[in-house]
Amino acid sequence: MNNVFGLDIGTRNVVGTVGYQTDDKEFVVTAQYVKEHETRAMLDGQIHDIGRVAKTIKEVKDELEKQTGQPLEEVCIAAAGRVLKTVTTHVEYEYAQESVVTGEDVHTLDLLGIEKAQEALKEVNDTSYKFYCVGYSTVKFFLNDEVFISLEGHKANKIGEDIIVTFLPEDVVDGLYAAVGQAGLSVANMTLEPIAAINVAIPENYRMLNIALVDVGAGTSDISITRDGSIIAYGMIPHAGDELTEVIVQHFLVDFNMAESIKLQSTTSDTVTYKDIMSIEHTIPAKDVWDVAAPVVDNIAQEVSTKIRELNGDKTVSACFVVGGGGKIHGFTEKLAEDLDLPEERVALRGEEVLGDVTFEQEDIKKDPLLVTPIGICLNYYDQRNNFIMVRFNGERIKLYDNNRLTIVDAALQAGFPNDELFPKRGTPINFTVNGVARLVRGEAGEGAVVTMNGKPASINTPLEPNSEIIIEPSTAGEAAEYKISQLDEYNHSVITFIINGRRVSCPRFVQVNGELEPEDYSIRENDVIETRNYYTVRQIAQFMDLVIDTDQMIFVNNEEADLDTLVYENFSVEWKTDEYGVARIDNNNYNDTQESDNTVARTSEQMMNQVLDELHDDFAKEAEASAVPENELPENELPKNDIQEEIQEEDSSENTITVIVNGEPVELSGKDTYIFVDIFTHISFDLQAGKGRAIATVINGRDAQFSEELHEGDQIELYWKEN
């Protein structure tokens with residue numbers, strides 16, 4: 001048989017256990033020895049004097065070697081639950097656009113929470129030591145800032161969570177390794193004391209349930225929560241058995257050791273006998289001790305139940321097991337059940353019955369809850385779980401605490417690999433304002449990190465294998481955001497209307513960037529201030545209409561004499577005489593030739609028109625000019641929804657009604673003598689602002705149509721957006 005040597009290195013003493021597990025899963029204890037520390041070499045479960053603790057460990061080792069007659073070279077150890085650090089934090093993740101939340105997204109959110117908690121812990125502790133994540137639990141989920149039970153499958157713009165994360169400080173691990181090393185031992189297995197206790201106190205088939213284990217010791221009560229076969233959270237409160245002993249000391253006027261005896265007697269017999277500091281012997285009912293301890297018992301139970309709920313996401317557990325000497329006091333389990341809103345039978349003290357599969361070869365050893373943790377440390381060796389494992393990450397050898405659900409991303413976090421180099425990064429965004437409203441254009445998404453384990457492709461969520469070789473090539477950033485003025489809705493769909501020689505003309509608004517006019521192909525930069533200008537000059541209106549003004553004749557703006565550089569605002573009237581149409585060429589069609597800017601940018605009237613209607617030819621403008629009517633004969637209704645840049649309202653010479661078929665539906669055109677293709681936009685609902693960069697398809701009787709083409713009775717018309 002191969003004996004396993006386990007050490008429970010406590011604050012007051014060191015308990016050594018040697019034994020083996022049979023084929024029937026029975027654990028046989030062949031030797032056990034307890035040795036108190038000679039000095040306070042340990043405080044709250046953490047080694048302060050490595051040399052003195054090592055001396056005590058060696059004395060325990062030597063005694064056990066005498067009892068077994070075998071040399072002991074390897075040892076199993078455990079870190080105390082009270083040295084664990086717990087951090088609660090809130091983390092959020094915002095999508096570039098509304099997306100369906102996946103399991104991968106939730107896992108990513110957890111990792112962001114762990115990293116944020118780790119950073120917070122380092123700031124508080126101001127140390128270069130690492131912290132091993134040994135468990136975490138989500139307290140609350142948030143979907144678009146609303147509390148949700150589960151996120152997966154929902155659509156969201158933003159997700160978040162409150163998460164509680166538990167860490168084991170590296171210096172605690174290093175101290176334990178150093179102490180046993182100085183005692184001539186090497187570590188065969190290391191676990192946590194709460195896990196060791198669970199291995200004994202909670203049967204394996206129960207660990208899938210949501211259960212709390214409370215270890216009520218002398219100075220602290222350690223708490224752990226299980227769910228789905230794993231320990232998800234740890235906690236500690238600084239209230240335990242010593243507080244009960246202190247109140248007994250004060251009430252019965254006894255020393256500390258006698259108070260401990262009184263406390264123990266009150267849990268095992270109906271009467272208690274003791275001597276006070278005056279050496280007077282007393283015999284009292286055990287109930288008197290219960291009454292004295294009741295306020296402290298109630299307080300400890302309340303503190304424990306509050307911590308359990310906090311660790312378990314603000315809700316109670318399915319059951320609770322209590323171990324440790326402090327939990328034996330009368331009324332503790334009943335009060336704890338009340339505070340947890342559980343039936344009394346679901347809060348139980350785990351004592352002798354949990355050691356049913358443990359046999360002691362030493363006859364003088366009594367089965368007791370105090371032995372649960374030392375034996376659990378030995379049993380954990382056989383599972384080889386909840387141990388530390390070694391891996392090589394990007395050439396560096398690192399140690400991780402194996403909590404049964406380690407993935408490659410855990411190794412990356414432990415190695416300090418930047419979180420933003422694991423996930424795809426977007427290129428640099430552009431922040432700017434349009435007419436005082438903030439805008440953001442995001443950069444393109446980059447590529448995710450390239451991950452391999454032992455030379456094979458993997459993902460950041462691939463389960464981690466001991467001694468594996470992991471290589472992660474950092475993720476890349478996407479292309480920086482790029483956005484031009486021509487892509488602004490305000491540029492494409494915002495018009496300014498003038499009354500030219502009695503007819504309405506709609507023109508696109510010019511755009512100023514940081515006070516300067518810029519062309520449509522201007523690339524918007526970070527923090528640009530963009531405004532759509534609310535005026536034209538007389539010259540710019542003429543250039544937009546492809547007209548040549550007769551400068552020998554008078555020009556009037558709002559019935560006042562003007563020149564080519566006079567500013568014309570919304571609904572201003574302009575009167576001029578023109579030489580001819582269409583003589584302005586692309587080369588010299590300078591729309592920005594104003595007194596305010598020296599920049600001249602070549603544009604044709606088609607370029608300045610709405611992107612959607614850039615197929616409208618100049619000849620349509622000429623035809624419309626011939627049919628212009630005086631301003632006072634214009635209809636009072638608003639501009640057509642199609643935002644045609646040059647809108648011409650014709651006088652009703654005679655009414656002629658025809659019916660055409662548009663996208664399968666009959667449309668009646670009335671009020672005019674003849675109709676052209678563009679007239680259908682005033683009779684149908686077709687949102688010309690919905691193109692988003694797509695071209696419009698115009699089909700008449702199965703062939704491409706022109707906007708100025710005449711319509712006839714029964715024509716078959718199709719209108720739709722072409723896909724890019």
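Counting from 1, residues in each chain are numbered in the order their sequence is written. A pLDDT threshold of at least 70 governs which residues receive local features in this predicted model, and a stricter bar of 80 or more applies before side-chain atom pairs are shown or counted, although totals over entire chains, interfaces and linings include all residues. Side-chain measures here rest on the full set of heavy atoms in the structure, leaving out hydrogens and waters.

This part covers helix α6 (residues 256-268). Secondary structure counts use DSSP, requiring at least four H or I residues in a row for a helix and at least two E residues in a row for a strand, with both numbered from the N terminus. Expected span of a helix, by definition, is 1.5 Å for each gap between consecutive residues, and there is one gap fewer than residues. For α6, built from 13 residues, the straight-helix expectation of 18 Å at 1.5 Å per residue is met to within 8% by its first-to-last C-alpha distance of 19 Å. Relative accessibility decides the category of a residue: with a 1.4 Å probe and only protein chains considered, values under 20% of the type maximum give buried, values over 50% give exposed, and everything between is partly exposed. Buried within α6 are the following residues: Ala259, Ile262, Lys263 and Ser266. Taken end-on, α6 shows its buried residues confined to a sector of 95°, consistent with a single buried face. Among the exposed residues of α6, those pointing more than 90 degrees away from its buried face are Asn257 and Thr268. Contact partners of the buried residues in α6: α5 (241-252), β15 (271-275) and α7 (286-311). This arc corresponds to the set of directions leading from the helix axis out to the C-beta atoms. Residue contacts are defined here by distance: any two heavy atoms, one from each residue, within 4.5 Å place the two residues in contact.

Let us now look at the packing of aromatic side chains. Paired rings are identified among Phe, Tyr and Trp, the last through its six-membered ring, by centres lying within 6.5 Å, and are further divided according to the angle between planes into stacked (under 30 degrees), edge-to-face (over 60) and tilted (the rest). Overall, the coordinates contain 8 aromatic pairs when judged by the stated rule. Ring centres of Tyr93 and Tyr95 lie 5.3 Å apart, and the angle between their planes is 90°; this geometry places the pair in the edge-to-face category. A centroid spacing of 5.8 Å and a plane angle of 75° characterise the contact between Phe393 and Phe417, whose relative ring orientation is edge-to-face. Linking Phe393 in strand β20 (residues 388-393) with Phe417 in the loop between α10 (408-414) and β22 (430-434), this pair joins segments that are 24 residues apart in sequence. A relative accessible area of 3% means that Phe393 is categorised as buried. Overall, the relative accessible area of 10% leaves Phe417 in the buried class. Taken together, Phe498, Phe510 and Tyr536 form an aromatic cluster joined through their ring pairs.

On the surface, a cluster of nonpolar side chains totalling about 440 Å² of accessible area is made up of Leu253, Ile277, Met278 and Ile280. Tracing the sequence through the fold places Ile280 in the loop between β15 and β16 (281-285). Residues forming no salt bridge and having over 30% relative accessible area are the ones grouped into patches, like charges within 9 Å of each other and nonpolar side chains (Val, Leu, Ile, Met, Phe, Trp, Tyr) within 5 Å. Only the protein chains shown count as cover for residues, and all accessible areas are computed by the Shrake-Rupley method using a 1.4 Å probe. The term salt bridge refers to a side-chain nitrogen of Lys or Arg lying within 4 Å of a carboxyl oxygen of Asp or Glu.

We now examine the pairing of β20. When β20 meets strand β21 (residues 396-401), the two strands line up antiparallel, connected through 6 bridges. The residue of β21 that forms the bridge with Ile389 is Leu400. Strand pairing is assigned whenever DSSP identifies at least 2 bridges connecting the two strands. Following β20, the chain reverses through 2 residues before pairing antiparallel with β21; Asn394 in that reversal takes a positive phi of roughly 45°. Here β20 runs beside strand β26 (residues 469-473); their pairing, made up of 2 bridges, is parallel. Pairing of Phe393 across the sheet is with Ile470, part of β26.

To continue, consider the packing of helix α1 (residues 50-68) against helix α3 (residues 170-182). In helix packing, the relevant descriptors are the interaxial angle and the interaxial distance, both defined with respect to the helix axes. For helices, the fitted axis covers only the stretch in contact; all axes are lines through C-alpha atoms, and the angles between them, taken along N-to-C directions, range from 0 to 180 degrees. Interhelical geometry of α1 versus α3 gives an angle of 55° and a closest axis separation of 8 Å. Relative to α3, the element α1 is oriented oblique. The crossing of α1 and α3 is right-handed. Counting all contacts with α1, which are made through Ile50, Gly51, Val53, Ala54 and Ile57, the residues of α3 involved are Gly175, Ala178, Ala179, Val180 and Gln182. Three classes are used, and their members are as follows: Ala, Val, Leu, Ile, Met, Phe, Trp, Tyr, Cys and Pro are nonpolar, Asp, Glu, Lys and Arg are charged, and the others, Gly among them, are polar. Residues belonging to the contact of α1 with α3 are distributed by class as follows: 7 nonpolar, 3 polar and no charged. Small angles under 35 degrees read as roughly parallel and large ones over 145 as roughly antiparallel, with 65 to 115 read as roughly perpendicular and the rest as oblique. Left-handed describes a crossing whose near helix is turned anticlockwise from the far helix through less than a right angle; right-handed describes the clockwise counterpart.

A separate point is the confidence of the model for the protein chain. The score called pLDDT rates the predictor's confidence residue by residue, from a low of 0 to a high of 100. Across the protein chain, pLDDT averages 80, with 84% of residues at or above 70. Predicted confidence in the protein chain is weakest over helix α13 (residues 605-608), with a mean pLDDT of 35, and strongest over helix α8 (residues 332-339), with 94. Long-range and interchain partners of residues 581-653, a stretch whose pLDDT sits below 50, account for 163 contacts in this model, where long-range means more than four residues apart.

On to the nonpolar core. Formed by 60 residues in total, the largest nonpolar core has its most connected members in Leu7, Ile9, Ile57, Leu168, Leu192 and Ile375. Of the residues forming this core, the biggest block, 6 residues, is contributed by helix α4 (residues 193-201). Within the second largest apolar cluster, 32 residues are counted, among which are Ile114, Ala117, Ile398 and Ile408. Grouping buried Ala, Val, Leu, Ile, Met, Phe, Trp, Tyr and Cys residues that are joined through side-chain atoms within 4.5 Å yields what is termed a nonpolar core.

Our next topic: the sheet that holds β21. Spatially, 5 strands are ordered β21-β20-β26-β24-β25 in an open sheet, and the strand pairing comes out mixed. Single-partner strands in this sheet number two, and they are β21 and β25 (456-458). Geometrically, the sheet is characterised by an average inter-axis angle of 35° between neighbouring strands, direction not taken into account. Relative to β26, strand β24 (residues 450-453) runs antiparallel, the two sharing 4 bridges. Across the sheet, the residue bridging to Met453 is Ile470, located in β26.

Under the criterion given, the structure shown has 18 salt bridges. Ionic pairing is found between Lys61 and Glu65, a salt bridge with its closest N-O pair at 3.3 Å. Here the residue Lys61 and the residue Glu65 both occupy positions in helix α1, the gap between them amounting to 4 residues, near one helical turn. The pair formed by Lys61 and Glu65 is uniform in burial state, with each residue classed as buried. A network of salt bridges, in which partner residues are shared, links Lys35, Lys55 and Glu59.

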